[in-house]
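Here is how the chains run, residue by residue.
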There are 2 protein chains.
Amino acid sequence: MIDLTKIEYFTEATSVDAVVGRNGPGAHKRLAEVWASLVKHLHAFAKDIELRPEEWDLAIDFLTRTGQLCDENRQEFVLLSDVIGLSMLTDAINHRRPPGATENTVLGPFHVVGAPEFEMGANISLDGKGESCLFEGRVLDTDGNPIEGARIDVWCDNEDGYYDVQQPDIQPKWNNRGIFTTGEDGTYQFRGVKPVSYPIPHDGPVGQLLIQLDRHPYRPAHMHYMVTATGFEKIVTHTFVGSDEYLKSDAVFGVKATLAAPFEPNPGGVTKWHSPFDFIMVPAGSAEAAE
Amino acid sequence: MIDLTKIEYFTEATSVDAVVGRNGPGAHKRLAEVWASLVKHLHAFAKDIELRPEEWDLAIDFLTRTGQLCDENRQEFVLLSDVIGLSMLTDAINHRRPPGATENTVLGPFHVVGAPEFEMGANISLDGKGESCLFEGRVLDTDGNPIEGARIDVWCDNEDGYYDVQQPDIQPKWNNRGIFTTGEDGTYQFRGVKPVSYPIPHDGPVGQLLIQLDRHPYRPAHMHYMVTATGFEKIVTHTFVGSDEYLKSDAVFGVKATLAAPFEPNPGGVTKWHSPFDFIMVPAGSAEAAE
């Protein structure tokens, strides 16, 4: 019989080493690194708050219900990651850019590959629901030179606060979506509607969590952009309507100071509003960008 | 328009305060405490390892599959908690006991309420599968006085490594389960089989994780005990077969040095093996126990 008193077993004091030390020599190298940090922080969390058995039960039930709500149209774990700031943090860690370059923000769940390509100036609002707005600006490098051939993939909600994919029976397919490609002057211009604020899906476990934290589920109004150009790092971002009441309290923490875009009255123009915004791209593989 | 440059937004540097500071005044007090610690440690984790977008994708997918495998017979999130040591850590934090008192370990998923009550000496092995063993000992307080009326609820696997509830079509109902109540001398005695080691369910995401960490899924052989007595803190524990090859590497970290029980040959006895073990109970509500 083994003398158990000679073996270092799991205790409160040794818990991290006991778990991390269990990995075999064949463990996946990067996973082992991630696992060691996760064990360290998760155990520190449980010790800090002295996690109670009934709270552990609640957590198991919460995570289970979160997983079981997921299907091809709903990703409750992404929402959980969003409201705890992990989505934005991951984006921030992986897209550090020099001052002056356009910052990233979260992609969100509503991007669709394959939107129609339009000539500059086209109108992407197919249902006409919303206040008309002219979006325009330039795609530049960090020296201010125009970037030719940049693809600008845009998408937003309509006046009711829904994306086309959320209302396939109500909105026309590709409503408020389109792709535009810059010419040699680097400029872009398209018409659409001024986006409106909307709540993230909040009828599931994450919505219940927000209620218990006394938080609202709203995102401030924003236009989504994905800008790509050969030789430059992809930009995934939004421009925010600078006057939105939820700017200070985006449910998913996506707002950055540099991403506020003016939405100005456009008297005499073809649209009610006018929103200028320039995109500044950094070279692909530049030191910070490559992180 | 709000001057966005005047607002403190979410950045790598401010991420924890940005998220924790979002709670409203009506937040549930204990949840807010747990949440603040969780956000702090989760963000520190992501920063320490510089979590990559493709790793975030993998994590979302892993958690989703873990939730979706759960049903009334399978709880994959409990397994995840077990293999990362969180189940044992929660148990340890909540059941600190003075030296000499019997230590707790994890309940496990196979306890069933309502097992048959037996007279002392009864045999709980209904299928006869396994090497016969006599289990006996005393239930005492920390001064060594016998505790009368202590209920001892026991359960274990059979020779094939399965509990009755895992094989409802093969094993008799209540196989290797029973409840015994001590008399005034505090002793207990029952017959059963020597437990064997077995793997936790490892055909799901948690099993895949263990493979990637180069860990096996086995638990060393053990007999489960739940001991209750009026005025004393409930003990939920196992006794481990001290010679088991997995003693040093229990997949769920349940082994404690004090929980090794001798399994001795029992020549001339009615059983092949003999396993003595005393349970030492602390008063309910005692300082450490009340944690």
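Residues numbered from 1 in each chain as written. Chains lettered and ligands numbered in written order. Predicted model: local features only at pLDDT ≥ 70, side-chain atom pairs only at ≥ 80, totals over all residues. Heavy atoms only, no water.

Chemist: What's the story with the interface of chain A and chain B in this structure? I'm lost.
Modeler: Interface extent is often summarised as the accessible area lost during association of the parts. On the chain B side, the residues contacting the 85 residues of chain A number 85 residues. Across the chain A to chain B interface the summed buried area is about 7900 Å²; carbon plus sulfur atoms make up 68%. Area buried by chain A at its contact with chain B is led by F10, R22 and I84 of chain A, which between them contribute 9% of it. Put simply, chain A and chain B have eight salt bridges between them. One salt bridge in this structure joins R96 of chain B and E50 of chain A, with 2.7 Å as the shortest N-O distance. Mapped by element, the contributors of at least two residues to the side of chain A that touches chain B are α1 (15-20), α2 (29-49), α3 (53-69), α4 (76-83), α5 (86-94), α6 (205-212) and β9 (260-261) of chain A. (Contact = heavy atoms within 4.5 Å. Buried area = accessible area lost by both parts, 1.4 Å probe. Salt bridge = Lys/Arg side-chain N within 4 Å of Asp/Glu carboxyl O. Helix = DSSP H or I, 4+ residues; strand = E, 2+ residues; numbered from the N terminus.)

Chemist: So what exactly am I meant to see when it comes to the side chain of N266 of chain B here?
Modeler: You can see N266 of chain B is positioned in the loop between β10 (264-265) and β11 (273-276). Here N266 of chain B is in contact with L134, T271, K272, W273 and H274 of chain B, once residues within four sequence places are set aside.

Chemist: Would you take a moment to explain the sheet that holds strand β3 (residues 177-181) of chain A for this structure?
Modeler: To summarise the sheet geometry, strands pair through backbone hydrogen bonds and adopt either a parallel or an antiparallel arrangement. Residue and element names in this part refer to chain A. Within the open sheet, the five strands sit side by side as β3-β2-β7-β8-β9. Their pairing is mixed. Where the open sheet ends on each side, the last strands, each with one partner, are β3 and β9. Bridging between strand β2 (residues 151-155) and β3 involves five bridges; their strand directions are antiparallel. Paired with W155 across the two strands is R177, which belongs to β3. (Pairing = 2+ DSSP bridges.)

Chemist: Where do I start with the sheet that holds strand β9 (residues 260-261) of chain B in this structure?
Modeler: In space, the five strands of this open sheet follow the order β3-β2-β7-β8-β9 (chain B), with mixed pairing throughout. In this open sheet, the two strands that pair with only one neighbour each are β3 (177-181) and β9 of chain B.

Chemist: Looking at this structure, how should I read the packing of α4 of chain A against helix α3 (residues 53-69) of chain B?
Modeler: When two helices pack together, their arrangement is given by the angle between their axes and by how far apart the axes lie. It is at 9 Å that the axes of α4 of chain A and α3 of chain B come closest, and there the two elements cross at 125°. It follows that α4 of chain A is oblique to α3 of chain B by the angle criterion. For the pair α4 of chain A and α3 of chain B, the crossing hand works out as right-handed. For the pair formed by α4 of chain A and α3 of chain B, the contact residues are F77, V78 and S81 of chain A on the first element and W56, I60, L63 and T64 of chain B on the second. A class-by-class count of the residues in the contact of α4 of chain A with α3 of chain B yields five nonpolar, two polar and no charged. (Axes fitted to C-alpha atoms, helices over the stretch in contact; angles between N-to-C directions. Parallel < 35°, antiparallel > 145°, perpendicular 65-115°, else oblique. Left-handed = near helix turned anticlockwise from the far one by under 90°. Nonpolar A, V, L, I, M, F, W, Y, C, P; charged D, E, K, R; others polar.)

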